[in-house]
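What the coordinates show
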Amino acid sequence: MFCLNCMSVFEEPSRYEQKSEFWGAPCSETFYSCPYCNSDDIIEKEPPKCDCCGDYCTEEFVETKDHSYFCNNCYTIKDIEE
């Protein structure tokens, strides 16, 4: 798993349960968070790293046919007219 907040890679997220009542009936919700920074902004797969700057491609990125990756800070898409 991967945390988009602190850019950490980990196997298992932290898990905590919140117990409450819903219309008089007991209920509980399970939440998952990063074990390093407790952020709930986590995704299942580790994103690719940019082949130019080495940062994780967490937003828009380009993948070339030879499976190279470039983050949105390292590429510019230009129109033919430019």
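Up top is the structure.
Keep in mind that this is a model prediction, so the values were computed, not measured. In this numbering scheme, every chain counts its residues from 1 along its sequence in written order. For this predicted model, a pLDDT threshold of at least 70 governs which residues receive local features, and a threshold of 80 or more governs which side-chain atom pairs are given and counted, while totals over whole chains, interfaces and linings are taken from all residues. The basis for every side-chain value is the complete set of non-hydrogen atoms in the structure, without hydrogens or water.

Helix and strand definitions follow DSSP, with helices as H or I runs of at least four residues and strands as E runs of at least two, each counted in order from the N terminus. The number of helices and strands found in the protein chain is 0 helices and 6 strands. Both definitions apply: the radius of gyration is a C-alpha atom measure, and the globule rule equals 2.2 Å times residues to the power 0.38. By the compact-globule yardstick of 12 Å for 82 residues, the protein chain is too spread out, its C-alpha radius of gyration being 19 Å. For the protein chain, the spread of C-alpha atoms along the three principal axes comes to 65 × 30 × 20 Å. By the burial criterion, 18% of the 82 residues in the protein chain qualify as buried. Intrachain contacts of the protein chain at a sequence separation of at least 6 include 30% that bridge at least 24 residues. Accessible surface computed for the protein chain: about 6800 Å², of which carbon and sulfur atoms make up 46%. Note that His is not counted, nor are the chain ends; the positive residues are Lys and Arg, and the negative ones are Asp and Glu. The atom standing in for a charge is NZ when the residue is Lys, CZ when it is Arg, CG when it is Asp and CD when it is Glu. Charge centroids of the protein chain, computed over 6 positive and 18 negative side chains, lie 4 Å from each other. For the exposure calls, accessible area comes from a 1.4 Å probe over protein chains only, and a residue counts as buried if that area is under 20% of its type's maximum, exposed if over 50%, partly exposed in between. Only heavy atoms enter the contact rule, under which two residues are in contact if any of them lie within 4.5 Å. Note that accessible areas follow from Shrake-Rupley with a 1.4 Å probe, and for residues the cover is restricted to the protein chains shown.

On the secondary structure map, Tyr-36 appears in the loop between β3 (25–33) and β4 (42–43). Tyr-36 gets classed as exposed once you look at its relative accessible area, which sits at 56%. When neighbours within four sequence positions are excluded, Tyr-36 is seen to be in contact with Cys-6, Ser-8, Val-9 and Phe-10.

All right, on to the packing of aromatic side chains then. Each Phe, Tyr or Trp ring (for Trp, its six-membered ring) is paired with any other whose centre lies within 6.5 Å, and the angle between the two planes then decides the class: stacked below 30 degrees, edge-to-face above 60, tilted in between. For the structure shown, the criterion picks out 5 aromatic pairs. For the ring pair Tyr-16 and Phe-31, a centre distance of 5.4 Å and an interplane angle of 25° mean the geometry is stacked. With Tyr-16 in strand β2 (residues 14–22) and Phe-31 in strand β3, the pair connects residues that are 15 residues apart, well separated along the chain. For Tyr-16, a relative accessible area of 43% puts it in the partly exposed group.

Looking now at unusual backbone geometry. Leaving glycine aside, a negative phi is the common case for residues, and trans is the common case for peptide bonds. The backbone of Met-7 sits at a positive phi, close to 60°, despite the residue not being glycine. Secondary-structure assignment places Met-7 in the loop between β1 (2–3) and β2. Take Met-7: its relative accessible area is 37%, and that puts it in the partly exposed class. Positive phi values are uncommon outside glycine, yet Asn-38 reaches one of about 65°. The topology assignment puts Asn-38 in the loop between β3 and β4. With a relative accessible area of 58%, Asn-38 lands in the exposed category.

All we've got here are geometric facts, nothing functional implied.
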